[in-house]
Amino acid sequence: MKAGVGLYSALVLCLLMGAVFSQRPRPKKPPKPPKATKRPSFKPSPPPDELEPQEPTDFPPPILGPPSMFPDCPRECFCPPSFPNALYCENRNLRTVPVIPSRVHYLYLQNNYISAVTAEPFNNATELRWVNMANNRIKKVDKQVFEKVPGLLFLYMERNQLKEVPDDLPAGLEQLILSHNQISKIPSGAFGKMEHLALLDLHHNKLSDSGVGKNTFKDLKNLVQLNLAHNILKKMPANIPNGITQLFLDRNNIEDIPKDYFQGFSNLAFVRLNFNQLSDKGVPKAVFNVSTLLDLHLAHNQLTSVPLFNPQLEQLHLNHNSIESINGTQLCPFSLSSESLTDEALMPRLRYLRLDGNHLSPPVPLDVIMCFRHLKSIVI
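How each quantity is defined
Residues numbered from 1 in each chain as written. Predicted model: local features only at pLDDT ≥ 70, side-chain atom pairs only at ≥ 80, totals over all residues. Heavy atoms only, no water. 1 Å grid on protein atoms, 1.4 Å probe; cavity = no way out; pocket = protein on both sides within 12 Å on 5 of 7 lines; lining within 4 Å. Points joined across faces, edges and corners; volume = space filled by probe spheres on them. Nonpolar A, V, L, I, M, F, W, Y, C, P; charged D, E, K, R; others polar. Disulfide = S-S within 2.5 Å. Buried < 20%, exposed > 50% of the residue type's maximum accessible area, 1.4 Å probe, protein only. Helix = DSSP H or I, 4+ residues; strand = E, 2+ residues; numbered from the N terminus. Salt bridge = Lys/Arg side-chain N within 4 Å of Asp/Glu carboxyl O. Core = buried A, V, L, I, M, F, W, Y, C linked by side-chain atoms within 4.5 Å. Contact = heavy atoms within 4.5 Å.

Chemist: Quick rundown of the layout of surface pockets? Include the residues and the values.
Modeler: What the second largest pocket holds in volume is close to 310 Å³. For the lining of the second largest pocket, a count of residues per class yields eight nonpolar, five polar and three charged.

Chemist: Report on the state of the cysteines, specifying residues and quantitative values.
Modeler: Counted under the stated rule, the structure contains three disulfides. Two residues, Cys 73 and Cys 79, share a disulfide whose sulfurs are 2.1 Å apart. With the S-S bond torsion at 95°, the cross-link from Cys 73 to Cys 79 turns out right-handed. Just as Cys 73 is buried, Cys 79 falls in that class too. The disulfide bridge from Cys 332 ends at Cys 371, spanning 2.1 Å between sulfur atoms. Taking the torsion about the sulfur-sulfur bond, which here is approximately 85°, the covalent link between Cys 332 and Cys 371 counts as right-handed. You can see Cys 332 sitting in the loop between α2 (328-331) and β14 (352-354) and its partner Cys 371 sitting in helix α3 (residues 366-371), a full 39 residues away along the chain. The burial state of Cys 332 is the same as that of Cys 371; both residues are buried. Each bonded cysteine in the chain gets a number by its place in the sequence, and the pairs come out as 1-3, 2-4, 5-6.

Chemist: Talk me through the pattern of salt bridges; I want residue IDs and the actual numbers.
Modeler: What the rule picks out here adds up to five salt bridges. The partner of Asp 168 in a salt bridge is Lys 143, with the nearest N and O atoms 3.8 Å apart. Of this pair, Asp 168 sits in the loop between β6 (154-156) and β7 (175-177) while Lys 143 sits in the loop between β5 (140-141) and β6, and the two are 25 residues apart along the sequence. Look at Asp 168 and you get partly exposed, because its relative accessible area is 39%. Residue Arg 272 is joined to Asp 250 by a salt bridge in which the shortest nitrogen-to-oxygen separation is 3.2 Å. Residue Arg 272 is located in strand β11 (residues 270-272), and its partner Asp 250 is located in the loop between β10 (246-248) and β11; the two are separated by 22 residues in the primary sequence. Residue Arg 272 is classed as partly exposed on the basis of its relative accessible area of 32%. On the basis of relative accessible area, Asp 250 is assigned to the buried category, the value being 6%.

Chemist: Pulling in residues and values, what's your account of the nonpolar core?
Modeler: Ranked by size, the top nonpolar core spans 89 residues in total, and within it Phe 191 and Phe 262 carry the most contacts. If we skip the residues at most four places from it in the chain, Phe 191 touches Val 165, Leu 169, Leu 176, Ile 186, Leu 200, Thr 216, Phe 217, Asp 219 and Leu 220.

Scope: geometric values only; no functional claims are made or implied.
Next comes the structure, spelled out in structure tokens:
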């Protein structure tokens, strides 16, 4: 009996203790810490001198070239195994000139975003002969650059943002193309030692009479082509080498030509003066009577009569002037009854004559046909 009572008491005690423990609160899991809010990041704007160009506002990243067998090949360029003297870095979105290996003769850097050309990348590039940096954003070329490449022959820097012809160009240059820049001045002596230069292209710049010195082109003894078209010249450039073959002066504001301007030119074959302000008053009567001249362009001016020309001329462009009549008897270098007009060797060589856009109407005067018997096409 006592044993039963003891067992019962123990059972009741256990139940009471279970009830007490069941009422204790269970420990809760610690709450997740709140997510930290990101602070807005503010990038400092570059100083005014380093502002990025407006177009494009964000430059795309450089495009890396394929793996190369040459350990000195810049990663962002292509070094063809079959042409180890060439380095192709064009169309790579480059901002700077990469280091040029000493083996390179031909360097292609066109169509990038290069804004300045410094000397360091050219330290070992003493064998360079050909450099194409067209269509970049180049505003500045360090003076020491061309000291590193004394053997350079061809330099193409068209479609950039240059305001002056670069200093200390290599004396051995044969071709220099600086068209489509913002050049308004040619420093004195810029071409002084470049006696091998054959082609000089400065068209589509901002050159005025004051920006081109009297002796700027004087020392270019082997110059073949000078292109000064699409500038703001009012006068014919002075002291052009008399061995030149092609002179292009289209789209300037030239009003007159000195009487003896072309006297002494021994090889002059092509002259282009389209889109200027030339009138009869500014064109001396026989200024174009040059025996070597083959192709003469005088379109889009203010001429009212056809200027005299040499019998050797083959093409004459006079379209879009104010010409009202054409007199073959006056233009013909010989009398229409002269035996010279029956001699094939002496007959005038004019083959193409363009007169459309004037105050003329067909038919072509008979004396023109009788004199210029080699004519293949007349446009009125």
